Amino acid sequence: MKKIITSLSSALLIFVASLSFTGVAKSAEFFTIGTGGPTGVYFQTGNAICKMLHKSAIAKEHGRKKGIDKAYRCTAPSTGGSNYNIGQIAAGEFQFGVAQSDWQYHAVNGSSKWEGKQYSDLRAVFSVHNEPFQIWARKKAKVKDFAGLKGKVVNIGNAGSGQRGTMEVLMDAKGVSNSFFKSTTELTSSEQVKALCDGKIDAFGYSVGFPNGAMENAASCGAKALPINLTGPEVQGLIDGAAYYASAVIPAGTYTGQKKDVTTFGVKATVVTSANVSDELVYLVVKAVMENFDDFKKQHPAFASLKKEDMIAAGLSAPLHPGAIKYYKEAGLM
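This one's a predicted model, so the numbers in the text were calculated from it and none came from an experiment.

Caption draft 1: Quick look at the confidence of the model for the protein chain. Taken as a whole, the protein chain shows an average pLDDT of 88; of its residues, 88% reach a score of 70 or greater. Across the protein chain, element-level confidence peaks in strand β5 (residues 153–155) with a mean pLDDT of 98 and bottoms out in helix α1 (residues 2–27) with 44. Predicted confidence for residues 1–26 stays below pLDDT 50, and this span has two contacts to residues more than four positions away or in other chains.

Right under this line is the structure:
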């Protein structure tokens, strides 16, 4: 009899606990931030935003007297990158995404890969770190500049990623196609470093903030890889022809074996959303980051030099979401 009572008590406790969890789950609104490869800064950006939101946006029903009326829960999964994230926002699958500033521009204006697929409901939230486009080559490949990639095995990035898009823009500016290389691969950002270190590819292109742990791995593994300079009239033409591109320098000593500055061009990482996402949610996301700014900047070295004033202007081609504007005005940033 005692065993029966004990079993019934245990079952009752589990039932009550499950009811409690269900109540929390029903009262919370879940949303998703699309990021990038698990070793990249986009993944860290999305998860840092979630961390700030969970830290500050606590509902009244969860014990905070001055809390918000509704709880929000955020996830930031690894994805295919910029264009994939924007596409998922357009489809209503994601509420936010991290995207390169150039692909934000192309999506909202219906240009480049977004020609005929213009997404005019795309909205900007804020920009984040600088992202120099980098081509990394293993030491034995003896690649000093873009011309040195001729006849080499090069990873151009997975379809839908920002790195693939920018690589194709650069190739077009240089007047070359895939046939310029010995062969090309379509590895993701999380796969390409291992392939380089294993000698399966000679080089890869990647838009990423620095310092970056995966790039340090490329520099310190058996490949002894380094980024190459991307300069010349073709690159300058890209910079002069688009407001979302700018010259960028990766300082000497950033990575193992890097004895000289590396000059290239780059974009901004930006956080975007849809006009259909509620003002309240966007307001809370922006507020969570801006009011925990010092903590946010500690989440990754690429965030160390961020300034709030730059984040609400630089690299933003889509209109700002009204929820973001509401916070920026309240905080005196606009």
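Back to the write-up after that little detour.
Caption draft 2: Spatial organisation of the state of the cysteines. Applying the stated criterion across every chain, the model contains two disulfides. Disulfide partner of Cys-50: Cys-74, at an S-S distance of 1.9 Å. On the S-S bond that ties Cys-50 to Cys-74, the torsion sits near -50°, and the link is left-handed. Here the residue Cys-50 occupies a position in helix α2 (residues 41–56), and Cys-74 occupies one in strand β2 (residues 71–75), the gap between them amounting to 24 residues.

Caption draft 3: Up close: unusual backbone geometry. Of note, the bond from Phe-210 into Pro-211 is cis; its omega dihedral lies within 30 degrees of zero at -5°. Take Pro-211: it is sitting in the loop between β7 (203–207) and α7 (213–220). Of note, the phi angle at Lys-142 is positive, near 55°, even though the residue is not glycine. Relative to the helices and strands, Lys-142 resides in the loop between β4 (122–137) and β5. The class of Lys-142 is exposed, set by a relative accessible area of 68%. For Lys-224, which is not glycine, the phi dihedral falls at a positive 45°.

Here is what the cut-offs are and how they apply
Residues numbered from 1 in each chain as written. Predicted model: local features only at pLDDT ≥ 70, side-chain atom pairs only at ≥ 80, totals over all residues. Heavy atoms only, no water. pLDDT = per-residue confidence, 0-100. Helix = DSSP H or I, 4+ residues; strand = E, 2+ residues; numbered from the N terminus. Contact = heavy atoms within 4.5 Å. Disulfide = S-S within 2.5 Å. Buried < 20%, exposed > 50% of the residue type's maximum accessible area, 1.4 Å probe, protein only.

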